[in-house]
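This is what each chain is made of:
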Amino acid sequence: MIGENIMIKNSTHKIHLFKEQSTISCSEDNTILEATLAANINHTHACGGQGKCSTCRISVMNGIENCNPRNSAELRIADKLSFPDEIRLSCQTKITGDISIRRMVSDKFDMDVIAEQFSKDSKVAFGSQQKLTIVFTDIVNYTSFAEKFPPYDIVHVLNRYYQLMNSCIQNNNGFISDVAGDGILAIFGINNKKTNSVLDGIRAIKEMNESLINFNNYLEENFNTKFGIRAGIHFGDVIAGPFDTGEMKKMAVIGDNVNYASRIESANKEFNTKMLLSEEAFQEIKSLYPKYNAFETKLKGKTGKYNLYEII
Ligand code: FES
């Protein structure tokens, strides 16, 4: 267990602390946590520095190359919580040069968030930047349906639709990150390098359209209408992580590339298409789809022109 009376030997390297705006010394024999505690910094370490709680976690802002590789205790937690490279357990990390760090656990609220992460078996329990396939869909004919029928019917039909579409997305290695009205934001490729995530997205949309045939029989019988699906697909970097506001928990994705995919989906109306891919997504699958239509257009909220592709 780590106590309060820690002697720092051979203080050869500097640790700059972002929050405290101060610099302390650390020898190669001591862990970062030992150095911060020796400097009387109130650094949370719930398990006493045994590499079991992760409350001593830090973000290494500069000098990650000066941190020793993760030991087995740290690897176990880093793997469980999908820590990116720069997030380290200060109780397990020693340094061979100067670094800058930010302590990540400041108060009880941070502690509660960590406790929640430990209670789950999530593969992405912690935010990370990943190259993923982002798919936006909306429903053709939804607006006219929603104008004609009462809220109960709208919610009931949308729930049936979401359930059906969720199966198609999950069958193809994806998950629904969000829904808004008739729109679905689905993500493919998270922590999965085994399959081509753009191809997974395309296959999911194909399956969604196939499922819609039966669903449309139900809609025609009960509401005298039919739905169609428009989709936009993009492949790019996003930040993915679990967002937890108590009652509402979800795996969310953030970043400009999410908006980009949404704009691509909207462009279907301009070209009278059902599914459009960005240049980046198209490059991932073009060897499999020799026949395609290419369009050049401006996208709302973005500068310049963009190439979009409809595969045939
Ligand atoms: S203090 Fe618990 S893991 Fe570092």
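All values derive from a computational prediction rather than experimental measurement.

Peer 1: In this structure, what is going on with the overall build of the protein? I would like to understand it.
Peer 2: Scanning the protein for helices and strands turns up eight helices and 13 strands. Within the protein, the proportion of its 312 residues that are buried is 35%. Across the protein, the fraction of contacts at a sequence separation of at least 24, relative to all contacts at a separation of at least 6, is 67%.

Peer 1: In this structure, what is going on with the nonpolar core? I would like to understand it.
Peer 2: Buried together is how nonpolar side chains tend to be arranged in soluble globular proteins. Core analysis: the biggest nonpolar cluster contains 42 residues, and Leu-132, Ile-134, Val-135, Ile-205, Ile-233 and Ala-261 have the highest contact counts within it. In contact with Ile-134, not counting residues within four places along its chain, are Ile-187, His-234, Val-238, Val-253, Asn-257, Val-258 and Ala-261. Residues Ile-32, Leu-89, Cys-91 and Ile-101 belong to the second largest nonpolar core, which totals 15 residues.

Peer 1: Honestly, the environment of Phe-223 in this entry has me stumped. Any pointers?
Peer 2: The topology assignment puts Phe-223 in helix α6 (residues 197–223). Sequence separation of Phe-223 and Phe-145 is 78 residues, and the distance between their C-alpha atoms is 8.2 Å.

Peer 1: Can you help me understand the pairing of strand β1 (residues 13–17) in this one?
Peer 2: Looking down a regular strand, the side chains alternate between one sheet face and the other. Relative to strand β2 (residues 22–26), β1 runs antiparallel, the two sharing five bridges. Bridged to Leu-17 within β2 is Ser-22. Hairpin connection from β1 to β2: four residues lie between these consecutive antiparallel strands, with Gln-21 at a positive phi of about 50 degrees. By the bridge criterion, three bridges tie β1 to strand β5 (residues 99–103) in an arrangement that is parallel. Bridged to Leu-17 within β5 is Ile-101.

Peer 1: Before we go on, may I ask you to explain the packing of helix α5 (residues 151–171) against α6 in this structure?
Peer 2: Axes are the key here: two packed helices are described by the angle between their axes and the distance separating the axes. Running from N to C, α5 and α6 cross one another at 145 degrees; their axes reach a closest spacing of 8 Å. Classified by chirality, the crossing of α6 by α5 is right-handed. Together, Tyr-161, Leu-164, Met-165, Cys-168, Ile-169 and Asn-171 of α5 and Ala-204, Glu-207, Met-208, Ser-211 and Phe-215 of α6 make up the contact between the two elements. Class assignment of the residues belonging to the contact of α5 with α6 gives a composition of eight nonpolar, two polar and one charged.

Peer 1: I'm lost on the environment of Arg-57 in this one. Help?
Peer 2: Residue placement: Arg-57 occurs in strand β3 (residues 57–62). If we ignore the near neighbours within four places in the chain, the residues touching Arg-57 are Ile-87, Leu-89, Met-104 and Val-105.

Reading the values: the criteria
Here the residue numbers are simple positions, counted from 1 along each chain's written sequence. pLDDT decides what is reported in this predicted model: residues at 70 or higher carry local features, side-chain atom pairs at 80 or more are listed and counted, and totals for whole chains, interfaces and linings draw on all residues regardless. Secondary structure elements are defined from DSSP: runs of H or I of at least 4 residues count as helices, runs of E of at least 2 residues count as strands, and each element is numbered from the N terminus. Exposure classification rests on a simple neighbour count of other C-beta atoms within 10 Å of a residue's own: a residue reaching 20 or more is buried, one at 12 or fewer is exposed, and one in between is partly exposed. C-beta atoms are placed from the backbone. Whether two residues are in contact is decided by their C-beta atoms, placed from the backbone, lying within 7 Å. We call a set of buried Ala, Val, Leu, Ile, Met, Phe, Trp, Tyr and Cys residues a nonpolar core when their C-beta atoms link them within 7 Å. A pair of strands counts as paired when DSSP detects no fewer than two bridges linking them. Note on geometry: axes are C-alpha line fits, over the in-contact stretch for helices, and angles between N-to-C directions span 0 to 180 degrees. It is the rotation of the near helix from the far one that decides the hand of a crossing: anticlockwise by less than a right angle makes it left-handed, clockwise makes it right-handed. Following the grouping adopted for this structure description, the nonpolar residues are Ala, Val, Leu, Ile, Met, Phe, Trp, Tyr, Cys and Pro, the charged ones are Asp, Glu, Lys and Arg, and the polar ones are all others, Gly among them.

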